[in-house]
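Chain and residue survey
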Amino acid sequence: MSQKKSLPARKTADSEINKIMPFSKDKELRERYINFFGALRLGKLLEDLDLIAGQVAYKHTEGWERKLTIVTAACDRIDLLGDLKIDRDLQLLASINWVGKSSLEVGIRISSKESNNWKRVARAYFIMVARQEGKAENVNSLETVTSEEKRRFQQGKLRQEQRREIAQTSYLLNTPTAEESKVLHDLFLKIKKGKIKGEAMRSSSRQLTLLMHPQSRNVHNNIFGGYLMREAFELAWNITYLFCKKRPQFISMDHMYFYKPVEIGSIVSFKATVIYTVEKALMVEVVSEVIHPKTGETQVTNVCYFTFTALNISGIPQKVPLILPHTYEEGLKYLDGAKRFKLGEQKRNQN
């Protein structure tokens, strides 16, 4: 394996990509991205974000020349910060924020054309990992030049640390704290005594099972990560619509992990569940599993979390139904959702 010190440092500008999507003029493009409500079909945009993140990573690492395999390890966050209008041009400005030993964070700024100015309406962070012959491969370091690039590097480093921390707090690894146990116990007593009314968590679940076709493959002959993101997002959107009976409004996506590649010909099951609610927002967990037809065995390939609100016909956020856990596993998911929602709100308020 090549040594990192022998790889030249590269600047942000060396791999930056600026893509314009001319929705205001290109009717055919609008037709491909419009949803039932006449708005932008965000699930399709997620595919574009994953694709452009990979392109930036390949440029930074000179991945094609070095015969590297660059894969999406995670989508750390996507935050909606403004209106994504189907008749406004969109700008996707993607660049390297942070670089580790074999991993990189690609930040994407999504802006909408207003008059003659670009206004930021969303942001996304992807974690890409370089491999060669199945093993982690060193990547070029990042030479930060401007104060803004230095700030983004530090923010990317902080997000990397936070990802590790939240992974260690998983309910699959740790028992609930005393405070969390009290929250569940109090909730249990309120449900039992009829002092609280809501929807059972299990009633919110919906499942989608798909065969992975070659049309959805990436350059490495596995299923494109952006395609899996789109299917997960659209299932989460659908169950939010069914749960709230009002049009969903996407707020954010938190930590979509890619645990293993999905091969062509695989059967993949996506299961989405509303795991946490506050007054005007809810969180949906989507778990994707590969099912082996001959044995029935399953392997988790992706887990992600989406936050939505629900809008009335005037576009104003409305109160959402209360979700209630009725089993121990559901209680753990509820607590996990509460932690993720709180952390997500903190991150949304960051620049």
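Look a little higher up for the structure.
Residues numbered from 1 in each chain as written. Predicted model: local features only at pLDDT ≥ 70, side-chain atom pairs only at ≥ 80, totals over all residues. Heavy atoms only, no water.

The subject of this paragraph is the nonpolar core. Nonpolar side chains tend to gather and get buried jointly when the protein is soluble and globular. Within the largest apolar cluster, 88 residues are counted, with the highest numbers of intra-cluster contacts made by L49, I108 and F306. When residues no more than four places from it in sequence are discounted, the contact partners of L49 are I78, L92, I108, I110, A124 and F126. (Core = buried A, V, L, I, M, F, W, Y, C linked by side-chain atoms within 4.5 Å. Buried < 20%, exposed > 50% of the residue type's maximum accessible area, 1.4 Å probe, protein only. Contact = heavy atoms within 4.5 Å.)

Moving on, we get to the environment of D14. Looking at the element boundaries, D14 is found in helix 1 (residues 12-15). Put simply, D14 and E62 are 48 residues apart on the chain and 10 Å apart in space, counted from C-alpha to C-alpha. Among the polar contacts made by the side chain of D14, one reaches the main-chain amide nitrogen of K11 at a distance of 2.8 Å. (Helix = DSSP H or I, 4+ residues; strand = E, 2+ residues; numbered from the N terminus. Polar contact = N/O pair within 3.5 Å; in protein donor to acceptor, adjacent residues only side chain to side chain.)

Examined against the element boundaries, T327 turns out to sit in the loop between strand 16 (323-324) and helix 7 (328-348). You can call T327 partly exposed: its relative accessible area is 42%. Along the primary structure T327 and I291 are separated by 36 residues, whereas in three dimensions their C-alpha atoms are 25 Å apart.

Let's shift gears to the layout of surface pockets. As a volume, the largest pocket reaches approximately 920 Å³. Lining the largest pocket are 36 residues, and of these I70, V71, T72, A73 and F258 lie nearest its centre. Residue assignment for the lining of the largest pocket shows that the elements contributing at least two residues are helix 3 (42-61), strand 3 (69-80), strand 6 (117-132), helix 4 (147-168), helix 6 (225-244) and strand 11 (247-258). Counting residues per element, the lining of the largest pocket draws most heavily on strand 3, which supplies six residues. Grouping the constituent residues of the lining of the largest pocket by class yields 20 nonpolar, eleven polar and five charged. In this model, the second largest pocket occupies a volume close to 550 Å³. In terms of lining residues, the second largest pocket is bounded by 22 residues, among which N35, A39, L40, R247 and Q249 are the most central. The set of elements that each furnish at least two residues to the lining of the second largest pocket consists of helix 3, helix 6 and strand 11. (1 Å grid on protein atoms, 1.4 Å probe; cavity = no way out; pocket = protein on both sides within 12 Å on 5 of 7 lines; lining within 4 Å. Points joined across faces, edges and corners; volume = space filled by probe spheres on them. Nonpolar A, V, L, I, M, F, W, Y, C, P; charged D, E, K, R; others polar.)

With that out of the way, let us pick up the packing of helix 3 against helix 6. The interhelical angle for the contact between helix 3 and helix 6, taken along N-to-C directions, is 155°, at an axis separation of 8 Å. With respect to each other, helix 3 and helix 6 are oriented roughly antiparallel. Helix 3 and helix 6 meet at a crossing whose hand is right-handed. On helix 6, the residues touching L42, G43, K44, L46, E47 and D50 of helix 3 are G225, G226, Y227, M229, R230, F233 and E234. Counted by class, the contact of helix 3 with helix 6 contains five nonpolar, three polar and five charged residues. (Axes fitted to C-alpha atoms, helices over the stretch in contact; angles between N-to-C directions. Parallel < 35°, antiparallel > 145°, perpendicular 65-115°, else oblique. Left-handed = near helix turned anticlockwise from the far one by under 90°.)

Burial within strand 4 (residues 90-99) is extensive, with nine of its ten residues counted as buried. Taken together, the five bridges between strand 2 (residues 17-21) and strand 4 define a ladder with antiparallel strand orientation. Residue pairing for strand 4: K19 is matched across the bridge by L92. Here strand 4 pairs with strand 5 (residues 103-114) via nine bridges, running antiparallel. Bridged to A94 within strand 5 is I108. Turn length for the strand 4-strand 5 hairpin, with the two strands adjacent in sequence and antiparallel, is three residues. (Pairing = 2+ DSSP bridges.)

Further remarks concern the packing of aromatic side chains. Here the structure, examined in full by the defined rule, presents 14 aromatic pairs. Summarising the aromatic geometry, the rings of F37 and Y241 are spaced 5.6 Å apart at their centres and angled 65° between planes, so their arrangement reads as edge-to-face. In this pair, F37 sits in the loop between helix 2 (27-33) and helix 3 while Y241 sits in helix 6, placing the two residues 204 residues apart along the sequence. Residue classification places Y241 among the partly exposed positions, given a relative accessible area of 33%. (Phe/Tyr/Trp six-rings, centres within 6.5 Å; stacked < 30°, edge-to-face > 60°.)

Take the side chain of E47 next. Take E47: it is sitting in helix 3. Under the relative-accessibility criterion, E47 is labelled buried at 15%.

Mapped onto the secondary structure, D336 falls in helix 7. Using a relative accessible area of 5% as the deciding quantity, one classes D336 as buried. Apart from the residues within four sequence positions on either side, D336 is in contact with Y171 and Y305.

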